[in-house]
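Breakdown of the fold
One letter stands for each residue in the lines below.
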Amino acid sequence: MCRTIAELDHEITECRACPRLVAWREQVARDKRAAFRDETYWGRPVPSFGPGDARLLVVGLAPAAHGGNRTGRMFTGDRAADVLIAAMYRAGLANQPTSTHPDDGLRLLGTRVTAPVHCAPPDNKPTPGERDNCRHWLDTELQLLRPSVRAIVVLGGWGWQALFPALAESGWAVPKPRPKFGHGAHVTLASAVPAGAPLEVFGCYHPSQQNTFTGRLTPAMIEAVLVSAATAAGLRPRP
Ligand code: SF4
């Protein structure tokens, strides 16, 4: 059990619990994409990114093979990152609109980005067993963030399904049946521990190329969800 977010972010990079994902992330790091031939890929579990006292948490799916798995930072160096970080900047949650590499100066403001699976999976599809292996990292992160976090944005239905059991484990009351995912879905969870704060959970389509190229998710749509969540988290004034 890690006692601090910094400890968690360090410990996770050493994890080798999923043989298929360890083999894949390292294979991708050796083979590389032609455009990044001269770069040294990270090729390890990608820790979450953002302050340890975040009021807002953004939950994705898993690092991209040539994004987070290359750069070593969550939502960095791929098209999904371009869309998400630009929207976060417009919503006042990032100090700049781009996320290209770990030394690019990006700071997330009161916000942290994480994923239920921390290693890049083939075809962006972790198995249920890999999701379950990685659950303890998410449980620990939620427990460490519990004093500060007030809202969560979940990017996509896969992350939504993975998150709710972890929320139940980490001190929030999750209704049964579980709330359904949808873009714009919003549910308030009461605290299941004395004196704990409630949590506002928002659903948003994932900024994958499939969603953004087809127009299923537009920049305005993701920005609107982020603004609502930032307001609920107390990071923006209520209108
Ligand atoms: S996906 Fe999670 S549990 Fe599996 S090896 Fe990566 S960090 Fe470890």
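Residues numbered from 1 in each chain as written. Predicted model: local features only at pLDDT ≥ 70, side-chain atom pairs only at ≥ 80, totals over all residues.

As annotated in an unreviewed UniProt entry, the protein is Type-5 uracil-DNA glycosylase from Nocardia huaxiensis. Heading Sequence similarities (unreviewed entry) of the UniProt record for the protein holds this comment: "Belongs to the uracil-DNA glycosylase (UDG) superfamily. Type 5 (UDGb) family." (UniProt positions renumbered as here; feature names shortened; annotations may be inferred.)

Moving on, we get to the overall build of the protein. Broken down by element type, the protein carries 8 helices and 5 strands. Along its sequence from the N terminus, the protein presents helices and strands in the succession α-α-β-α-α-β-α-β-α-β-β-α-α. Here the protein has a C-alpha radius of gyration of 17 Å; the compact-globule value for 239 residues is 18 Å, and the two agree. Dimensions of the protein, computed from C-alpha atoms along their principal axes, come out at roughly 50 × 35 × 30 Å. Going through the 239 residues of the protein one by one, you find that 48% of them count as buried. (Helix = DSSP H or I, 4+ residues; strand = E, 2+ residues; numbered from the N terminus. Rg over C-alpha atoms; globule rule 2.2 N^0.38 Å. Buried ≥ 20, exposed ≤ 12 C-beta atoms within 10 Å, placed from the backbone.)

Looking now at helix α6 (residues 157-169). Between its terminal C-alpha atoms α6 stretches 19 Å, which fits the 18 Å expected from 13 residues at 1.5 Å a residue. Buried within α6 are the following residues: W158, G159, W160, A162, L163, A166 and L167. Where α6 is buried, its residues touch β1 (56-59), α5 (128-145), β3 (151-155), β4 (186-189) and β5 (199-204). (Expected span 1.5 Å × (residues − 1). Contact = placed C-beta atoms within 7 Å.)

Before going further, it helps to spend a moment on the site of the ligand. Among the 14 residues in the neighbourhood of the ligand, the closest are listed as C15, C18, P45, C119 and C134. Those elements that place two or more of their residues in the shell around the ligand are α2 (19-31) and α5. No other element matches α5, which puts 3 residues into the shell around the ligand. Counted by class, the shell around the ligand contains 10 nonpolar, 2 polar and 2 charged residues. (Near = placed C-beta within 6 Å. Nonpolar A, V, L, I, M, F, W, Y, C, P; charged D, E, K, R; others polar.)

The UniProt feature table records "domain: Uracil-DNA glycosylase-like" (unreviewed entry) at residues 47-226. Helix makes up 33% of residues 47-226 and strand 13%, with an end-to-end C-alpha separation of 22 Å.

Strand order across the open sheet formed by 5 strands is β2-β1-β3-β5-β4, with mixed pairing between neighbours. Taken across any chain shown, the strands that pair with only one partner, and hence form the sheet edges, are β2 (111-114) and β4. Across the sheet, the axes of successive neighbouring strands diverge by a mean angle of 20°, strand direction being ignored. In the sheet, β3 pairs with β5 via 5 bridges, with the strands oriented parallel. When the bridges of β5 are listed, I152 appears paired with V201. Contacting β1, β3 and β5, helix α8 (residues 219-232) runs over the sheet at an angle of about 180° to β5. (Pairing = 2+ DSSP bridges. Axes fitted to C-alpha atoms, helices over the stretch in contact; angles between N-to-C directions.)

Mapped onto the secondary structure, W160 falls in helix α6. Among the residues examined, W160 registers 22 C-beta atoms within 10 Å and is labelled buried. Each C-alpha atom, one on W160 and one on F181, is 6.5 Å from the other, the two residues being 21 residues apart in sequence. Once you skip the residues sitting within four places of it in the chain, W160 turns out to touch V154, F181 and G203.

Another point: the pairing of β1. The side chains of a regular strand alternate between both faces of the sheet. Neither face of β1 is exposed, since L56 and V58 on one face and L57 and V59 on the opposite face are all buried. In this structure, β1 lies alongside β2, joined through 4 bridges in parallel fashion. What sits directly across from V59, in β2, is T114. Note that β1 and β3 share 4 bridges and pair parallel. Residue pairing across strands places L57 opposite I152, the latter belonging to β3.

Our focus in this paragraph is the nonpolar core. In this structure, L56, M88, V153, L226 and A229 are the most contacted members of the largest nonpolar core, which totals 72 residues. Of all the secondary structure elements, the ones that give two or more residues to this core are α1 (5-11), β1, α4 (79-90), α5, β3, α6, β5 and α8. Look past the residues within four positions of M88 in its chain and what remains in contact with it is L93, A94, L108, T111 and L226. (Core = buried A, V, L, I, M, F, W, Y, C linked by C-beta atoms within 7 Å.)

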